[in-house]
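Coordinates in review
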Amino acid sequence: MEIQKYQTLIDAAKAVRKKSYAPYSKFKVGAALLCNDGEIFVGCNVENASFGLTCCAERNAIFNAIAMGKNKFRAIAVVVNSPQPCTPCGACRQVLNEFNIDDIDIIMVNIRGKTKVEITPLSELLPRSFDAKSL
Ligand SMILES: [Zn+2]
């Protein structure tokens, strides 16, 4: 039921995953971010020969949304082809948390074999988070 609610978001993440620039790891990731107003912004991972400059799909989607004037997010779908659905890395969890108002659903999708989908709130992936209230 919840998966159907996010099907458009999942499809957008699947589509943008194909544009991933991952010549080194070959680990392609697509992310689609759902704003409170229903708009969707996408991002894919972008690697670099200087590995530390690589940026994740999730952060690219978030930065894309911010650049378009959006900063209230409801959910993000992350699509990978791996043994298990992937959680966003710690850096992406922290950046998502900056814009966390009523919690954000993380929809983790693995397209290897039969598609698997897991949905977890950000608060579960980043408990006792550091945020503006911590300053
Ligand atoms: Zn990340």
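Keep in mind that what you see is a predicted model, and the values were worked out from it rather than measured.

Next up on the list: the side chain of Arg 59. Counting through the fold element by element, Arg 59 comes out in helix α3 (residues 57–67). Apart from the residues within four sequence positions on either side, Arg 59 is in contact with Cys 89, Ala 91, Cys 92 and Val 95.

The next thing to look at is the sheet that holds strand β5 (residues 116–121). Strand order in the open sheet formed by five strands is β2-β1-β3-β4-β5, with mixed pairing between adjacent strands. With one partner strand each, in any of the chains shown, β2 (40–44) and β5 form the two edges of the open sheet. Ignoring which end each strand starts from, the neighbouring axes of this sheet average 15° apart. Pairing of strand β1 (residues 30–35) with β2 involves five bridges; the strand directions are antiparallel. Within the sheet, the bridge partner assigned to Leu 34 lies in β2 and is Ile 40. Each of β1, β2 and β3 (73–80) is contacted by α3, which is oriented at about 140° to β2, the strand it contacts most.

One turn of an α-helix holds 3.6 residues; hence residues three or four places apart share an orientation. Among the residues of helix α4 (residues 90–97), Cys 92, Arg 93, Leu 96 and Asn 97 are the ones counted as buried. Along the axis of α4, the buried residues cluster in a sector spanning 140°; they form a single face.

As a further point, take the coordination of the zinc ion. The coordination sphere of the zinc ion, as far as protein atoms go, consists of Cys 56 (SG), Cys 89 (SG) and Cys 92 (SG), spread over 2.2 to 2.4 Å. Sequence positions of the donors to the zinc ion reduce to the motif C-x32-C-x2-C.

Right, let's get into the pairing of β1. Of all the six residues making up β1, six are buried; the element is thus mostly covered by neighbouring parts of the structure. Count of turn residues in the β1/β2 antiparallel hairpin: four residues, of which Gly 38 carries a positive phi of about 95°. Note: β1 against β3, six bridges, orientation antiparallel. Following the sheet pairing, Cys 35 is matched in β3 by Phe 73.

Parameters and conventions
Residues numbered from 1 in each chain as written. Predicted model: local features only at pLDDT ≥ 70, side-chain atom pairs only at ≥ 80, totals over all residues. Heavy atoms only, no water. Helix = DSSP H or I, 4+ residues; strand = E, 2+ residues; numbered from the N terminus. Contact = heavy atoms within 4.5 Å. Pairing = 2+ DSSP bridges. Axes fitted to C-alpha atoms, helices over the stretch in contact; angles between N-to-C directions. Buried < 20%, exposed > 50% of the residue type's maximum accessible area, 1.4 Å probe, protein only. Arc of directions from axis to C-beta. Donors = N, O, S within 2.8 Å, 3.2 Å for Na, K, Ca; no water.

Distances and angles like these do not, on their own, reveal function.
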